Amino acid sequence: MKTYDNIVFREALSADIDAIAELEKVCFKDPWSRAAIRDEIDKNPMSLYMVAEDTDIKQVIGYAGLWQIFDEGNITNIAVDPKRRREGIGDRLVGELVRNSMERGMISFTLEVRVSNSPAISLYERHGFEIAGIRPGYYGDGEDAYIMWLYTEERIINERRKIHHAGGGVQL
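The text that follows walks through the structure, step by step, so that each part is easy to find. The structure presented is a predicted model; accordingly, all values stated were derived computationally and were not measured. (Residues numbered from 1 in each chain as written. Predicted model: local features only at pLDDT ≥ 70, side-chain atom pairs only at ≥ 80, totals over all residues. Heavy atoms only, no water.)

## With respect to the pattern of salt bridges
Inference 1: As enumerated under the stated definition, the model contains 16 salt bridges in all.
Inference 2: In this structure, K25 engages E22 in a salt bridge whose closest nitrogen and oxygen atoms are separated by 3.3 Å. Taken as a pair, K25 and E22 lie in helix α1 (residues 17–27) at a separation of three residues, close to a single helical turn.
Inference 3: Here E87 and R84 are joined by a salt bridge, their closest N and O atoms 3.0 Å apart. (Salt bridge = Lys/Arg side-chain N within 4 Å of Asp/Glu carboxyl O. Helix = DSSP H or I, 4+ residues; strand = E, 2+ residues; numbered from the N terminus.)

## Describing unusual backbone geometry
Inference 1: In the Ramachandran plot, K58 falls in the positive-phi region, its phi being about 50° despite a non-glycine side chain.
Inference 2: Mapping K58 onto the fold places it in the loop between β2 (47–54) and β3 (59–69).
Inference 3: If you check the backbone angles, R86 has positive phi at about 70° while not being a glycine.
Inference 4: Tracing the chain through its elements places R86 in the loop between β4 (72–80) and α3 (89–103).

## Focus on the packing of α3 against helix α4 (residues 118–126)
Inference 1: Remark: α3 packs on α4, axes separated minimally by 10 Å, with the N-to-C direction vectors making an angle of 45°. Taken together, the axes of α3 and α4 lie oblique to each other. The interaxial crossing formed by α3 with α4 has right-handed handedness. Between α3 and α4, the residues in contact are G90, D91 and V94 and L123, Y124 and R126, respectively.
Inference 2: Within the contact of α3 with α4, the residues separate by chemical class into three nonpolar, one polar and two charged. (Axes fitted to C-alpha atoms, helices over the stretch in contact; angles between N-to-C directions. Parallel < 35°, antiparallel > 145°, perpendicular 65-115°, else oblique. Left-handed = near helix turned anticlockwise from the far one by under 90°. Contact = heavy atoms within 4.5 Å. Nonpolar A, V, L, I, M, F, W, Y, C, P; charged D, E, K, R; others polar.)

## A closer look at the packing of aromatic side chains
Inference 1: Within the structure shown, the criterion is met by five aromatic pairs.
Inference 2: Measuring from centroid to centroid gives 6.2 Å for Y49 and Y63, while their planes differ by 20°, and the two rings are stacked. Highlighted residues: Y49 in strand β2 and Y63 in strand β3, separated in sequence by 14 residues. The exposure classification of Y49 matches that of Y63, with both residues buried. (Phe/Tyr/Trp six-rings, centres within 6.5 Å; stacked < 30°, edge-to-face > 60°. Buried < 20%, exposed > 50% of the residue type's maximum accessible area, 1.4 Å probe, protein only.)

Pasting the structure below:
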């Protein structure tokens, strides 16, 4: 695994929109448009996008984004330049996105991932995500998606309190 001396993980800026749009094109079969990415970064107050920037070459080499819905984060996309995969950048992006989101009050996270995308599924499982269901035909080409969830400790405690207060008798 590569060290991160020359890679900065930071919140995405308007100046990153073109680089993110290019990553979309090389990483996904059905990429988001530049306009959609611009709207997410510049206009959507409920979104959080992080980038991985290689400071040696001054280039965005990965990004991750989510939408905040109350105390939940719905992860929209995670992408790493194919030439830079297997360096731990995606792993760090997921970690930074979750950490930054928790600082904003999010306590659980969900995402959809192609059932055929074993590397991504393994990445999410390493971060504690679990498969919770399937969305049949979710992708434009008809492929199914796994629905994955990550529940933080705070979320689990809150759920146990709800059950206890409802008379479920769960001990805290």
